[in-house]
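Coordinate inspection notes
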Amino acid sequence: MLQRLLCVMAAILTLAGEATAQTGPLGVGLAEIEITPPLGYRMDGYFTERLSTGTKDPLKARAIVFTQGTTKTALVVADLIGVPQGLTTEVRALAAQKTGIPVANIAITATHTHTGPMFSGPRARLFSEQAAARLGADPLASVKYPEMLRDRLVEVIVTANAGVSPASLEFALANEDRVSFNRRFHMKDGTVRFNPGTLNPDIVRVAGPTDPDVPFVLITKGGSPVGALTVFALHLDTMGGGTAYSADYPGHLEQELRREFGDGFISVFGLGTCGDINHLDVSGRRRLNSHSIGLQLAADVLSARPRTPITTPSLGAASAVVTLPLRPVSDAKVAAARADMTKVGTDALPFLTQVDIVSTLDLASREPNLQAEVQVFRLASDLAIVLLPGEVFVDLGLAIKRASPFTHTLVIELSNDNPAYIPTEKAFAEGSYETVNSRIAPGGGERLVAEAIRLLKSAAAR
């Protein structure tokens, strides 16, 4: 079944061209659905096994469907660390069958919360194998969370599509430079390190920028706000490794927006390019948490002016697949990683060694190349959304914005696949955690940028 869906999706993507400009009224549908797993399920985000013990706030998937003329697009954001390509392929194909929205016009993204479930990927397989070795069988193997998640992601798209009705959009751009920090630093010994610690005397200078933009698209029906899309580039790792499910700071953003607009308001949060951005201030001047960040972002977008009506929406969509070579791993390295894989999640090996083991084993299970999809959704002549796979470095997102022909370009990562980090070529030369935990070969991120710019220029010309 999955193989057939993969073939169908590949065929549709091959035929997907740059959509011509649409005219007429804009329709929007919004929906949300809970996706919280049962208690006791593994949690994602780190290289040690954590089992959930509670729920701080429910995890959700939210969908926006835009329609105009013959064009339809769907954007889904789930409170997950990422969604693998196999699952998004299946969800997109099933949702397309049920709604008529083309596969290439559906984007399934994740917020990257580190307090959500671990249901796929090399660490999930590793911890399951370790549990089976200890207990004779992994007790969590019987929990069919991926199947439940698939069905609910399809359902939220179908529900949003069924709720499409005339809507208007307003756009505002806030600026927030107090809660996000580039986490890579040049050190006195000549190396680059990520998260070197507060007040570390060996820090020389920061190794990269941040992206302070906070674009806010407000959706109104019948004169009343019903939902919004907010985008910000900041890693969702502010909970300190707890064992309670949580949506992290976007959950607090939603709570504040609902206080302003009502309990039925649907807040969709798109994660900007933040592969090297987090909330830790190494100067020690600020201590931030999920609550304070969510409140600050809410204050930013609610106070942002001007809030400009999009009077002439022009919905369009385009996509393309880019072939990205993956980092090669030798047979000897794979054998060494397999020999040490039982030590992952323990104190027996240094952290970066454990990261390297997981990356090596994952690369050994993959094809030599990654088929990475880039999507562009045009909302108006001056407003577009770019959707990229993986945890993308901020410099790459900024490069897309600078070259975009649109006045405002929202860049959202972790779309349709989660192939770990997408660093810059510069970062690969510098090294450290993100490059060890990357699957792509150097230059892959720049290829995604080039394709995004090509699609944006094509979309702007129509």
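Residues numbered from 1 in each chain as written. Predicted model: local features only at pLDDT ≥ 70, side-chain atom pairs only at ≥ 80, totals over all residues. Heavy atoms only, no water.

**Description of unusual backbone geometry**
Basically, it comes down to this: Numbered from the N terminus, helices here are DSSP runs of H or I no shorter than four residues, and strands are runs of E no shorter than two.
With an omega dihedral of 5°, the bond running from arginine 305 to proline 306 counts as a cis peptide bond. With phi around 60°, leucine 414 is a residue other than glycine that occupies positive phi space. If you trace the backbone, leucine 414 turns up in the loop between strand 24 (408–412) and strand 25 (421–422). Positive phi, normally seen in glycine, also occurs at serine 432, with a value near 95°. One can find serine 432 in the loop between helix 10 (425–430) and helix 11 (433–436).

**Here's the deal with the pairing of strand 21 (residues 369–380)**
Going by this rule: Partly exposed residues are those whose accessible area sits between 20% and 50% of the maximum for their type, while under 20% is buried and over 50% is exposed, using a 1.4 Å probe and protein chains only. Any two strands between which DSSP finds at least two bridges are classified as paired.
Taken across its 12 residues, strand 21 has 10 buried, putting it largely inside the fold. Here 5 bridges tie strand 21 to strand 22 (residues 383–387), and the two strands are oriented antiparallel to one another. Across the sheet, phenylalanine 377 pairs through a bridge with isoleucine 385, a residue of strand 22. The hairpin formed by strand 21 and strand 22 contains 2 residues between the paired strands.

**Section: the sheet that holds strand 6 (residues 71–78)**
Our working definition: Only heavy atoms matter for contacts: two residues are in contact if any of them lie within 4.5 Å across the pair. Interaxial angles span 0 to 180 degrees and are taken between N-to-C directions of axes, which are lines fitted to C-alpha atoms, for helices over the stretch in contact.
If you trace the 5 strands from one edge of the open sheet to the other, you get 7-6-5-1-8, paired in mixed fashion. The outermost strands of the open sheet, each flanked by one partner alone, are strand 7 (106–110) and strand 8 (165–166). Inspection of the sheet shows strand 5 (residues 60–68) paired to strand 6 by 8 bridges, in the antiparallel sense. The residue bridging threonine 67 from the neighbouring strand is lysine 72, located in strand 6. Contacts from helix 2 (residues 85–99) reach strand 6 and strand 7 within the one sheet, and its direction differs from that of strand 7 by about 140°.

**A word on the packing of helix 2 against helix 4 (residues 145–162)**
The following threshold applies: Whether a crossing is left-handed or right-handed is set by the direction in which the near helix is turned from the far one by less than a right angle, anticlockwise for left-handed and clockwise for right-handed.
Contact pair helix 2 / helix 4: the axes reach a minimum separation of 9 Å and the direction vectors enclose 35°. Every pair of crossing elements has a handedness; the one defined by helix 2 and helix 4 is right-handed. Between helix 2, through Leu87, Glu90, Val91, Leu94, Ala95, Lys98 and Thr99, and helix 4, the contact on the second element is made entirely by Pro146, Leu149, Arg150, Leu153, Val154, Ile157, Val158 and Asn161.

**Concerning the environment of tyrosine 433**
Checked against the element boundaries, tyrosine 433 lands in helix 11. Its relative accessible area of 9% is what places tyrosine 433 among the buried residues. Beyond its immediate chain neighbours, meaning those up to four positions away, tyrosine 433 contacts Phe47, Arg183, Phe194, Phe351, Leu352, Val355 and Tyr421.

**Section: the sheet that holds strand 12 (residues 192–194)**
If you walk across this open sheet you meet the 3 strands as 12-11-13, and the pairing is antiparallel. Both edges of this open sheet fall to strand 12 and strand 13 (203–206), since each of them pairs with a single strand only. Put simply, the sheet's adjacent strands are angled 40° from each other on average, direction ignored.

**With respect to the packing of helix 5 (residues 249–261) against helix 6 (residues 290–303)**
Where we set the bar: Roughly parallel covers angles under 35 degrees, roughly antiparallel covers those over 145, roughly perpendicular covers 65 to 115, and oblique covers all other angles.
Where helix 5 meets helix 6, the closest approach of the two axes is 7 Å, and the angle between their N-to-C directions is 45°. In terms of axis orientation, helix 5 runs oblique to helix 6. Considering how the two elements wind past one another, helix 5 and helix 6 form a crossing that is right-handed. Contacts between helix 5 and helix 6 involve Tyr249, His252, Leu253, Glu256, Leu257, Glu260 and Phe261 on the former and, on the latter, Ser290, His291, Ile293, Gly294, Leu295, Leu297, Ala298, Val301 and Leu302.

**Describing helix 12 (residues 444–460)**
Under the convention used in this document: Working rule for helices: expected span equals 1.5 Å times residues minus one.
Compared with the 24 Å implied by 1.5 Å per residue over 17 residues, the 25 Å span of helix 12 between its first and last C-alpha is a close match. Along helix 12, the positions that sit buried rather than exposed are Gly444, Gly445, Leu448, Val449, Glu451, Ala452, Ile453, Leu455, Leu456, Ser458 and Ala459. Those residues of helix 12 that are buried are in contact with strand 20 (313–325), strand 21, strand 22, helix 9 (394–403), strand 24 and strand 25.

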